[in-house]
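A closer look at the structure
Letter by letter, the chains look like this.
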Amino acid sequence: MIIDNVKVYTEEKTFVKGGIMLDGDKIQRVYAEEEKPQFGEEEVLDGDGAYAIPGLIDLHFHGCKGDDFCDENEEAIERIAQYEASIGVTAIAPATMTLPVEELKQILSVAAKYKKNGTSPKAADLVGINMEGPFISRKKAGAQNPEYIQPADMGMFRR
């Protein structure tokens, strides 16, 4: 398949009119308009002048569309991953919240099972997990669980 008539991002860090040649779900070649190949029998999709950029990576988020990464179920992760892919995100590294260790173990176990089972072709790839929590200081544990924050630590937020 070829996606033609799009603005492609170049190594010179600019957008130029061109296209993308695909082999299945892999990019085979990106070309500028002046390097446009002969298409032959291949299926050509007109990009109508839209921008074509590499897939984005969402490195820190907790959830979306009513699901949270800490919901502890594979279906929630899949819905999140499908939504992310629908907006151009091809890889995700969702974040946990500051939670008890046993709950974090369960969340990580579910994520590992999800990763092992594989994602659907219409979902972003789960490439990692951001773990929030009191790993350096129990006094500065993060905003999710204020009970972990000591009143003395709140002084830095006062004017």
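Throughout what follows, the structure given in this document is the object of discussion.

Scoring rules and cut-offs
- Residues numbered from 1 in each chain as written.
- Predicted model: local features only at pLDDT ≥ 70, side-chain atom pairs only at ≥ 80, totals over all residues.
- Heavy atoms only, no water.
- Helix = DSSP H or I, 4+ residues; strand = E, 2+ residues; numbered from the N terminus.
- Buried < 20%, exposed > 50% of the residue type's maximum accessible area, 1.4 Å probe, protein only.
- Lys, Arg positive; Asp, Glu negative; His and termini not counted.
- Salt bridge = Lys/Arg side-chain N within 4 Å of Asp/Glu carboxyl O.
- Contact = heavy atoms within 4.5 Å.
- Pairing = 2+ DSSP bridges.
- Core = buried A, V, L, I, M, F, W, Y, C linked by side-chain atoms within 4.5 Å.
- Expected span 1.5 Å × (residues − 1).
- Arc of directions from axis to C-beta.
- Phe/Tyr/Trp six-rings, centres within 6.5 Å; stacked < 30°, edge-to-face > 60°.
- Lys NZ or Arg CZ within 6 Å of the ring centre and 35° of its normal.
- Polar contact = N/O pair within 3.5 Å; in protein donor to acceptor, adjacent residues only side chain to side chain.

Comments concerning the side chain of Asp58
Within the secondary structure, Asp58 is located in strand β6 (residues 56–58). Despite its burial, Asp58 pairs with no opposite charge; the closest candidate is Lys65, at 13 Å N-O. Non-local contacts of Asp58, meaning those with residues more than four positions away in its chain, are made with Glu84, Val89, Ala91, Ile92 and Ala93.

Digging into the sheet that holds strand β10 (residues 125–126)
Read from one edge to the other, the open sheet built from 3 strands follows the order β6-β9-β10, with strand pairing classed as parallel. The open sheet has two edge strands with one neighbour each: β6 and β10. Pairing of β6 with strand β9 (residues 89–92), which is carried by 3 bridges, proceeds in the parallel orientation. Looking at β9, one finds that Asp58 is bridged to Ile92.

So, the nonpolar core
Counting residues in hydrophobic clusters, the biggest one holds 18 residues, and the most contacted among them are Ile77, Ile92 and Tyr114. Secondary-structure elements contributing two or more residues to this core are α1 (74–86), β9 and α2 (101–117). Ignoring anything within four residues of it in the chain, the contact list for Ile77 reads Phe69, Val110, Ala111 and Tyr114. Counting 5 residues, the second-largest nonpolar core is a separate cluster that includes Val8, Ile20, Leu22 and Ala52.

Topic: the pairing of strand β3 (residues 26–32)
Of the pairings in the sheet, the one linking strand β2 (residues 15–23) to β3 comprises 6 bridges and is antiparallel in character. Each bridged residue has a counterpart across the sheet, and for Gly19 the counterpart in β3 is Tyr31. Following β2, the chain reverses through 2 residues before pairing antiparallel with β3; Gly24 in that reversal takes a positive phi of roughly 70 degrees.

So, α2
The terminal C-alpha atoms of α2, which comprises 17 residues, lie 24 Å apart, in line with the 24 Å expected from a rise of 1.5 Å per residue. Buried residues of α2: Leu104, Ile107, Val110, Ala111 and Tyr114, and no others. All buried residues of α2 fall inside an arc of 125 degrees around its axis, so they share one side. Along α2, the residues that are exposed and aim more than 90 degrees away from the buried face are Val101, Glu102, Lys116 and Asn117.

Here we look at the packing of aromatic side chains
Throughout the structure, instances matching the rule amount to 2 aromatic pairs. On the numbers, 4.8 Å between centres and 85 degrees between planes, the contact of Phe15 with Tyr51 is edge-to-face. One end of the pair, Phe15, is in strand β2; the other, Tyr51, is in strand β5 (residues 51–52), with 36 residues separating them in the sequence. Here Tyr51 falls in the exposed class, since its relative accessible area comes to 55%. Here the aromatic cluster, defined as three or more aromatic residues joined through ring pairs, consists of Tyr9, Phe15 and Tyr51. The side chain of Lys7 reaches across the aromatic face of Tyr51, ending 5.0 Å from its centre.

Quick word on α1
Over its 13 residues, α1 extends 18 Å from the first C-alpha to the last, a length consistent with the 18 Å expected when each residue adds 1.5 Å. Residues Glu74, Ala76, Ile77, Glu78, Ile80, Ala81 and Glu84 constitute the buried set of α1. Where α1 is buried, its residues meet β6, β7 (63–64), β8 (67–68), β9 and α2. In this structure Asn73 caps α1, since a side-chain oxygen of it lies 3.1 Å from the backbone nitrogen of Glu75. Note on α1: the residue one or two positions beyond its end, Gly88, has a positive phi of about 95 degrees.

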